[in-house]
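One letter stands for each residue in the lines below.
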Amino acid sequence: MVIQSDQMPYTASVTVLLLTSTLLDAPLARHTVEPSPTNGLRVTSQVQIDRLMSPRRAKVGATIGRLDDEAMTEITRLVVLFLGLV
């Protein structure tokens, strides 16, 4: 899941959070997302807040979908908390 601003297209890497279908009970480190036509997921998955990475753009695949504003707000809150920016 790309979390980097669209205003940074000139960087050689892109910051992402990994997704997994292996579900854990870890509300501060995982955000559960149900599949929908909008997000492109086929199974219930979790955004891994603790798996932030910045691979080279060439290694990142095509967009499969988008999360709604409510999910993105919660994921942003969890990332800020995880990184200690509050």
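Nothing here was measured: the structure is a model prediction, and the numbers come from that model.

Calculation criteria
- Residues numbered from 1 in each chain as written.
- Predicted model: local features only at pLDDT ≥ 70, side-chain atom pairs only at ≥ 80, totals over all residues.
- Heavy atoms only, no water.
- pLDDT = per-residue confidence, 0-100.
- Helix = DSSP H or I, 4+ residues; strand = E, 2+ residues; numbered from the N terminus.
- 1 Å grid on protein atoms, 1.4 Å probe; cavity = no way out; pocket = protein on both sides within 12 Å on 5 of 7 lines; lining within 4 Å.
- Points joined across faces, edges and corners; volume = space filled by probe spheres on them.
- Nonpolar A, V, L, I, M, F, W, Y, C, P; charged D, E, K, R; others polar.
- Contact = heavy atoms within 4.5 Å.
- Pairing = 2+ DSSP bridges.
- Axes fitted to C-alpha atoms, helices over the stretch in contact; angles between N-to-C directions.
- Buried < 20%, exposed > 50% of the residue type's maximum accessible area, 1.4 Å probe, protein only.
- Polar contact = N/O pair within 3.5 Å; in protein donor to acceptor, adjacent residues only side chain to side chain.
- Expected span 1.5 Å × (residues − 1).
- Arc of directions from axis to C-beta.

Caption draft 1: Quick peek at the confidence of the model for the chain. Of the residues in the chain, 100% reach a pLDDT of 70 or more, and the chain-wide mean stands at 95. Of all helices and strands in the chain, the one with the weakest mean pLDDT is helix H1 (residues 69-83) (96), whereas strand E2 (residues 30-33) scores best (98).

Caption draft 2: Region of interest: the layout of surface pockets. By volume, the largest pocket is sized at about 930 Å³. Lining of the largest pocket is provided by 28 residues; of these, Met1, Val2, Ile3, Thr63 and Gly65 occupy positions nearest its centre. Considering each element in turn, the lining of the largest pocket owes the most residues, 4 residues, to strand E1 (residues 16-20). Of the residues assigned to the lining of the largest pocket, the class counts are 18 nonpolar, 6 polar and 4 charged.

Caption draft 3: Region of the structure containing the environment of Val79. Within the secondary structure layout, Val79 lies in helix H1. Sequence-wise, Val79 and Asp50 are 29 residues apart; in three dimensions their C-alpha atoms are separated by 8.0 Å. What Val79 contacts, discounting residues up to four positions off in sequence, is Leu17 and Ile49.

Caption draft 4: Spotlight on the sheet that holds strand E3 (residues 45-53). Strand order in the open sheet formed by 3 strands is E1-E3-E2, with antiparallel pairing between adjacent strands. Pairing within the sheet leaves two strands with one partner each, and these edge strands are E1 and E2. Sheet twist, expressed as the average angle between the axes of neighbouring strands with direction ignored, equals 35°. With respect to the sheet, H1 is in contact with E1, E2 and E3, its orientation differing from that of E3 by roughly 40°.

Caption draft 5: Representation of the environment of Thr20 within the structure. Within the secondary structure layout, Thr20 lies in strand E1. Relative accessible area serves as the criterion here: at 18%, Thr20 is assigned to the buried category. A polar atom in the side chain of Thr20 sits 3.0 Å from the backbone nitrogen of Thr22.

Caption draft 6: Geometry of H1. Taking 1.5 Å as the rise per residue, H1 with 15 residues should run 21 Å; its terminal C-alpha atoms sit 21 Å apart, in good agreement. Turning to H1, its buried residues are Ala71, Ile75, Leu78 and Val79. Angularly, the buried residues of H1 cover 100° about the axis, an arc narrow enough to put them on a single face. Turned more than 90 degrees from where H1 packs its buried face, Asp69, Glu70 and Thr73 sit exposed. If you follow the buried residues of H1, they end up packed against E1, E2 and E3. Taking the backbone nitrogen of Glu70 as reference, a side-chain oxygen 3.2 Å away marks Asp68 as the first, capping residue of H1.

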